[in-house]
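# Report on the structure
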2 protein chains.
Amino acid sequence: MQMKVVVLRMGHRPGRDRRVTTHVGLVARAFGADGVIISGVRDPEVEGSIKKVVENWGGPFSVQSGGKWGSWIEKWRSEGGSVVHLSMYGQPLDEVVGKLGGKDLLVVVGAEKVPLNVFEMADSNVAVGHQPHSEVAALAIFLDRFFGKAELKKEFKKAKLRITPSEKGKKVEKVS
Amino acid sequence: MQMKVVVLRMGHRPGRDRRVTTHVGLVARAFGADGVIISGVRDPEVEGSIKKVVENWGGPFSVQSGGKWGSWIEKWRSEGGSVVHLSMYGQPLDEVVGKLGGKDLLVVVGAEKVPLNVFEMADSNVAVGHQPHSEVAALAIFLDRFFGKAELKKEFKKAKLRITPSEKGKKVEKVS
């Protein structure tokens, strides 16, 4: 059976993080994850933006929100899954990504400040470089390594729109 | 002589895009570019955040802002450089990235709405997948392919802080 990969966005601050969290959700989908969970205070605007992309560009891709990040991690672990936390303080991605297969994977990305106990709760802490940059970039690179570039060719089901690659300009096809 | 790679962020809207544009700048630096240009209305908060990271974590990395995006592209081209625009409508990254070497490279990333003439002005339009996601993710994946993963091991000069990778928790060393 195929492994499931879900992204947990923790520490979302409605307003301030709205666009970055939306990007996290869209990157999760575009780079091959099966869904995103946004823990904490629910933010209907972010959920709506991600769901609209799924509606137009296809899925399947689940969007869940609310709840405590710690509870999501415990639930995932109790169902036999493994938890990876992306952090610039962790172990180098290219040294550890090969060891992560075999179990359903919860990929945790934080916002600006991350509580220290997430480092303990995760099965592994993985760094996409050790420089400060962006959880959006870290997630994309992580998933790209994990899926071995194949995610960029993933075909989504029930898409209404599809792009035909072109040298100049925009070519969008209406599928249904 | 080594090629120069600079990122041009166009369409920044102060306020709304502040965090995403900051992430674009930090990703440009962390993934091996030599600098970032943020065209349009200047946003001192974004510039300040990026410069603070350079101060603490090292460089060299230039931050420029203001001016029209079209003028930056024309200037770059007049100095013999090549211009790549990242867009979901472009040609597949993995088919074209091998052809981009040899000239100084300006990597253009837009915000939500991109004027159509940027597709004409760029030497090439390159898609990091053909799904909607994030200019931050697109930039990271593009630079990662371009530099062949080596950028994640880049050493920055005059850094005050440096991370020691660890399995749990945070280890930061003060270098100077």
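Above this text sits the structure in question.
Sequence order as written defines residue numbering, which begins from 1 separately in each chain. A letter from A marks each chain and a number from 1 marks each ligand, given out in the order of writing. Where totals are concerned, whole chains, interfaces and linings use all residues; where local detail is concerned, this predicted model gives features only for residues with pLDDT of at least 70, and gives and counts side-chain atom pairs only at 80 or more. For the side-chain quantities, the full set of heavy atoms in the structure was used; hydrogens and water were omitted.

To continue, consider the relation of the copies chain B and chain A. Least-squares superposition of the copies uses the C-alpha atoms of those residues scoring a pLDDT of at least 70 in each of them. The transform that puts chain B on chain A rotates by 180° and translates by 0.0 Å along the axis, for an RMSD of 0.0 Å. A rotation of that kind, with that shift, is consistent with a two-fold axis. Taking the C-alpha atom as reference, chain B places Ala 137 of chain B closest to the rotation axis, 2.3 Å from it.

All names here are of chain A. Mapped onto the secondary structure, Ser 65 falls in strand β3 (residues 62–65). Side chain to side chain, Ser 65 and Arg 42 meet in a polar contact 3.0 Å long. A distance of 2.6 Å separates a polar atom in the side chain of Ser 65 from a polar atom in the side chain of Glu 47. With sequence-adjacent residues up to four places away left out, Ser 65 is seen in contact with Ile 38, Arg 42, Glu 47 and Trp 72. Elements are defined by DSSP. Helices are runs of H or I of four residues or more, strands are runs of E of two residues or more, and each kind is numbered from the N terminus. In protein, a polar contact requires one atom able to donate a hydrogen and another able to accept it; more generally it is a pair of N or O atoms within 3.5 Å, and residues adjacent in sequence count only if both atoms are side-chain atoms. Contacts: residue pairs with any heavy atoms within 4.5 Å of one another.

Further remarks concern the packing of aromatic side chains. Aromatic contacts are taken between Phe, Tyr and Trp rings whose centres are within 6.5 Å, Trp giving its six-membered ring; a plane angle under 30 degrees counts as stacked, one over 60 as edge-to-face, and the others as tilted. Applying the stated criterion across every chain, the model contains six aromatic pairs over all chains. The ring centre of Phe 156 of chain A lies 4.0 Å from the NZ or CZ of Arg 29 of chain A, which sits over that ring. For a lysine, the NZ atom is tested; for an arginine, the CZ atom; a charge sits over a ring if that atom is within 6 Å of the ring centre and within 35 degrees of the ring normal.

Let us look at the pattern of salt bridges. Between Lys or Arg on one side and Asp or Glu on the other, a salt bridge is scored when a side-chain nitrogen of the former is within 4 Å of a carboxyl oxygen of the latter. The tally for this structure, following the rule as stated, stands at 24 salt bridges over all chains. Of the charged contacts, one joins Asp 17 of chain A and Arg 19 of chain B as a salt bridge, the two residues approaching to 3.2 Å between their closest N and O atoms. Highlighted residues: Asp 17 of chain A in the loop between β1 (5–9) and α1 (18–30) and Arg 19 of chain B in helix α1 (residues 18–30), drawn from two different chains. Between buried and exposed lies partly exposed: a residue is buried under 20% and exposed over 50% of the maximum accessible area for its type, with that area taken using a 1.4 Å probe on protein chains only. Residue Asp 17 of chain A is classed as buried on the basis of its relative accessible area of 0%. With a shortest N-O distance of 3.4 Å, Asp 123 of chain B and Arg 77 of chain B are connected by a salt bridge. Remark: Arg 77 of chain B occurs in helix α3 (residues 69–78) and Asp 123 of chain B occurs in the loop between α5 (117–121) and β6 (124–127); sequence separation between them is 46 residues. A relative accessible area of 32% places Arg 77 of chain B in the partly exposed class. The network of salt bridges with shared partners includes Arg 13 and Asp 17 of chain A together with Arg 19 of chain B.

Structural measurements only, silent on function.
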